[in-house]
Amino acid sequence: QVQLQESGPGLVKPSQTLSLTCTVSGGSITTNYYYWSWIRQPPGKGLEWIGVITYSGSTYYSPSLKSRTSISRDTPKNQFTLQLSSVTPEDTAVYYCARERGTTTGWGTLLGPYDYWGQGTQVTVSS
């Protein structure tokens, strides 16, 4: 069974960088053709996709967050990380990591649904 676990500081000061790690067990983050995403949910709002790192190490980000988002991985540790810079209180949310599978179609790669999620971790941006 694949398990994902988020970890990192629960409190970040404005203007600092939010850093979270997702530790994966039961499956390799390099296995074809899985995709590993960061998703967040602000209080009282819906889920927002932040970005993804693929099984091959390629990254893609939400246009609204791209300028200050970086996702990377540590394959020996089977971990991938999120760094969100210049945070404000609007970045306060529960942050999740999740897995989805990519399927090749005639027009491109179809992703989803998310089949495994971490439990989520609360991150509060406050001074």
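Given the structure is predicted, the values throughout are model-derived calculations rather than measurements.

### Considerations on the nonpolar core
Most often, soluble globular proteins have nonpolar side chains that are buried together.
No. 1: Counting residues in each nonpolar core, the largest one holds 25 residues, and the members touching the most others are Leu18, Val24, Trp36, Trp38, Phe80, Leu82 and Tyr95.
No. 2: Listed by contribution, the elements that provide at least two residues to this core are strand 3 (18-25), strand 4 (34-41), strand 5 (48-54), strand 8 (79-84), strand 9 (93-104) and strand 11 (121-125).

### Section: the environment of Leu65
No. 1: By secondary structure assignment, the location of Leu65 is in the loop between strand 6 (59-61) and strand 7 (69-74).
No. 2: Taking relative accessible area as the criterion, Leu65 reaches 3% and is therefore assigned buried.
No. 3: As for Leu65 and Leu84, which are separated by 19 residues in sequence, their C-alpha atoms are 8.3 Å apart.
No. 4: Excluding residues within four positions of it along the chain, Leu65 makes contact with Arg40, Glu48 and Ile50.

### Some thoughts on the state of the cysteines
No. 1: Taken as a whole and assessed by the stated rule, the structure comprises one disulfide.
No. 2: The disulfide bridge from Cys22 ends at Cys97, spanning 2.1 Å between sulfur atoms. Residues Cys22 and Cys97 are joined through a disulfide that is right-handed, its torsion about the S-S bond being 70°. Taken together, the residues span a long stretch of sequence, with Cys22 in strand 3 and Cys97 in strand 9 at a distance of 75 residues. Note on accessibility: Cys22 and Cys97 belong to one class, buried.

Cut-off values and rules
Residues numbered from 1 in each chain as written. Predicted model: local features only at pLDDT ≥ 70, side-chain atom pairs only at ≥ 80, totals over all residues. Heavy atoms only, no water. Core = buried A, V, L, I, M, F, W, Y, C linked by side-chain atoms within 4.5 Å. Buried < 20%, exposed > 50% of the residue type's maximum accessible area, 1.4 Å probe, protein only. Helix = DSSP H or I, 4+ residues; strand = E, 2+ residues; numbered from the N terminus. Contact = heavy atoms within 4.5 Å. Disulfide = S-S within 2.5 Å.

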